[in-house]
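Residue-level structural notes
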Amino acid sequence: MKFAKSILCIGAGYVGGPTMAVIAAKCPECKVTVVDINEDRIRGWNSDKLPIYEPGLDAIVKQCRGKNLFFSTDIPQGIRDSEIIFVSVNTPTKTFGEGAGMASDVQYLERTARDILAHSRSSKIVIEKSTIPVKTAQAMENIFLSSPRSGVHFEVLSNPEFLAEGTAIRDLENPDRVLIGSRETPTGITARQTLVDIYAQWVPRERIITSNIWSSELSKLVANAFLAQRVSSINAVSALCEKTQADVREISRAIGADSRIGAKFLNAGIGFGGSCFKKDILNLVYLCRSYGLEEVANYWESVVKINEYQLGRFFSKMLKAMLGTMSGKRICLYGFAFKADTGDTRESPAKYLTHKLLAENAMVTISDPQANDNAKIDLAGYGEAIQYIADPLDAARDADALVVMTDWDIYRKIDYAQVFQKMRKPAFIFDGRNILDHKKCFELGFNVFPIGQQELTHLKYE
Ligand code: UDX
Ligand code: ADP
């Protein structure tokens, strides 16, 4: 079949896979190919068990794969055959050299730009999809200019992805906005229009925002910083609630009803995780510092510090509540993913808590409906100290404490009377997501420790 346009995506991860599946579904006249250097990942995308868990993704991939959606490891061929290339490779926090622990590691991005340059025989629109430091487009353009080929022009656009894991398909099908940044040159504006026309096939035109390329690059970092800041703000308030008998859930409801504030991202918890928030804020902090904006850098850095404080505070509360020792006690984690509806464990608070618990010589049971496999990879090497049991009732057997780490809906629905029967006494619940019925659990006999609310306990503490 002859397609009107050929679109390539380099990087078949959490962003590239779902985004391209939705573009393929919405634009049947386009051929969409997703390539990756990781053969296992591509094999996964071509199989019945996709490499990532995302509600609604299986159905869309099944509908389009082999028709106008293809997954391949042949990167050179993919580049040659496409006129539009999305780049969604990973840009993790740098672990070495200048800016280690803060700056983005853009080596995969540079390698991709070099690949595109090496294999292109015709002009391309190259779209930055991965989250990247502001001014990355300049770096890509410099690579493209390093060995010019006559008649081949590369136009770099920025089109950051705002999807959240767990709701990726919904977010892609019905986005609040699509942002497209370009150079304000004639070729830049033409390329931008090409991309606008693709999205306009299913996104109302007024939700497609165009801007200069630097605003687009920076907006992505700022959007994540603002969202994370809301979580850190409510988490900071939760600490004060625990001292003052105010209830953080009541505060969220009260302030969220103010239309200027809004109700979203006001759930206090054990702290944010995921691949974006910490990485993007640290990247923003690094950028501010490198432009000499020390105060601005410190301001944003405090969002990450409150996040670390919240988890440390949660752990200290657990230790104190469990009479100062966890040695030999079994702690069962309900959830290991960084949030509900994903198997992703990147920057999951559960990972950090598990390290803390093991350092106290506790035994840990991990129970997550989707993330147990990733947890095993993350915690490889701990051997007998950790057991993995997906069924939450079985996982609770002989545990001294349950810790709700992930806001999976199933944890709201379990029969906690049965859970209580299976556990050692005194039995503790630490609700790191404030999703359980605390009063009911207390009445069943549990000692209950929520976030930002008074504890409900049968024990006496001084
Ligand atoms: C985020 C952004 O939402 C998305 O737009 C961007 O493209 C990538 O980063 P994601 O990391 O998938 O998406 O998850 P998100 O839903 O934003 O949650 C991030 C973390 O904050 C999770 O650990 C979540 O549990 C936590 N969170 C969120 C809270 O603790 N409280 C809240 O009220 C909201
Ligand atoms: P994200 O959450 O941003 O999508 P992932 O780590 O899930 O990040 O996905 C990024 C993907 O990019 C990985 O599957 C990785 O193998 C792929 N990748 C990294 N570098 C290259 C490259 N040079 N060429 C092709 N794919 C790459």
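A brief look at the structure comes next. (Residues numbered from 1 in each chain as written. Chains lettered and ligands numbered in written order. Predicted model: local features only at pLDDT ≥ 70, side-chain atom pairs only at ≥ 80, totals over all residues. Heavy atoms only, no water.)

A few words now on the sheet that holds strand β11 (residues 386–388). Spatially, β11-β10-β9-β12-β13-β14 is the arrangement adopted by the six strands of the open sheet, whose pairing is parallel. With partners counted over all chains shown, the strands left at the sheet margins are β11 and β14 (447–449), one partner each. Across the sheet, the mean angle from the axis of one strand to that of its neighbour is 20 degrees, orientation sign disregarded. Bridge count between strand β10 (residues 363–367) and β11: three bridges; the pairing is parallel. (Pairing = 2+ DSSP bridges. Helix = DSSP H or I, 4+ residues; strand = E, 2+ residues; numbered from the N terminus. Axes fitted to C-alpha atoms, helices over the stretch in contact; angles between N-to-C directions.)

In this section: the site of ligand 2. Taken together, 16 residues are adjacent to ligand 2, and Y14, V15, D36, R41 and R346 come closest. In the model, an oxygen atom of ligand 2 is placed 2.9 Å from a nitrogen or oxygen of the R41 side chain. R346 has a polar side-chain atom sitting 3.0 Å from an oxygen atom of ligand 2. When isolated, ligand 2 has an accessible area of 580 Å², and the protein chains bury 89% of it. Looking at the shell around ligand 2, its residues break down into seven nonpolar, six polar and three charged. (Near = heavy atom within 4 Å. Polar contact = N/O pair within 3.5 Å; in protein donor to acceptor, adjacent residues only side chain to side chain. Areas by Shrake-Rupley, 256 points an atom, 1.4 Å probe, with all protein chains shown as cover. Nonpolar A, V, L, I, M, F, W, Y, C, P; charged D, E, K, R; others polar.)

Attention now goes to empty space enclosed by the protein. Scanning the entire structure with this criterion turns up two cavities of 30 Å³ or more. Taken as a whole, the largest cavity holds about 40 Å³ of empty space. Forming the walls of the largest cavity are S47, D48, L50, D58, V61, K62 and R65. Among the residues making up the lining of the largest cavity, the classes are represented as two nonpolar, one polar and four charged. A volume near 30 Å³ is recorded for the second largest cavity. Around the second largest cavity, the lining residues are E128, K129, S130, T131, I132, S158, P160, E217 and K220. Residues that form the lining of the second largest cavity fall into these classes: two nonpolar, three polar and four charged. (1 Å grid on protein atoms, 1.4 Å probe; cavity = no way out; pocket = protein on both sides within 12 Å on 5 of 7 lines; lining within 4 Å. Points joined across faces, edges and corners; volume = space filled by probe spheres on them.)

For the pair helix α5 (residues 107–119) and helix α6 (residues 136–146), the least separation of the axes is 9 Å and the interaxial angle reads 35 degrees. Taken as a pair, α5 and α6 cross one another with a handedness that is right-handed. Residues L109, E110, A113, R114, I116 and L117 of α5 touch α6, and the partners they reach there are T136, M140, I143, F144 and S146. Residue composition of the contact of α5 with α6, grouped by class: seven nonpolar, two polar and two charged. (Left-handed = near helix turned anticlockwise from the far one by under 90°. Contact = heavy atoms within 4.5 Å.)

Our focus in this paragraph is the pairing of strand β1 (residues 5–10). Within β1, five of the six residues are buried, which leaves the element mostly enclosed by the surrounding structure. With six bridges joining them, β1 and strand β2 (residues 30–35) adopt parallel strand pairing. Counterpart to L8 in the pairing with β2 is T33. In the sheet, β1 pairs with strand β4 (residues 84–87) via four bridges, with the strands oriented parallel. In the strand pairing of β4, I10 is matched with V87. (Buried < 20%, exposed > 50% of the residue type's maximum accessible area, 1.4 Å probe, protein only.)

Counting through the fold element by element, N447 comes out in strand β14. The class of N447 is buried, set by a relative accessible area of 2%.

The immediate surroundings of ligand 1 are formed by 19 residues, with F162, L163, E165, K339 and R433 found nearest. In the environment of ligand 1, an oxygen atom lies 2.7 Å from a nitrogen or oxygen atom belonging to the backbone of E165. Between L266 and ligand 1, the recorded distance is 3.3 Å, taken from a backbone N or O atom to an oxygen atom. Protein burial of ligand 1: of its 670 Å² of free accessible surface, 90% is covered by the chains. Among the elements that take part in the shell around ligand 1, helix α9 (residues 213–244) stands out by supplying four residues, more than any other.

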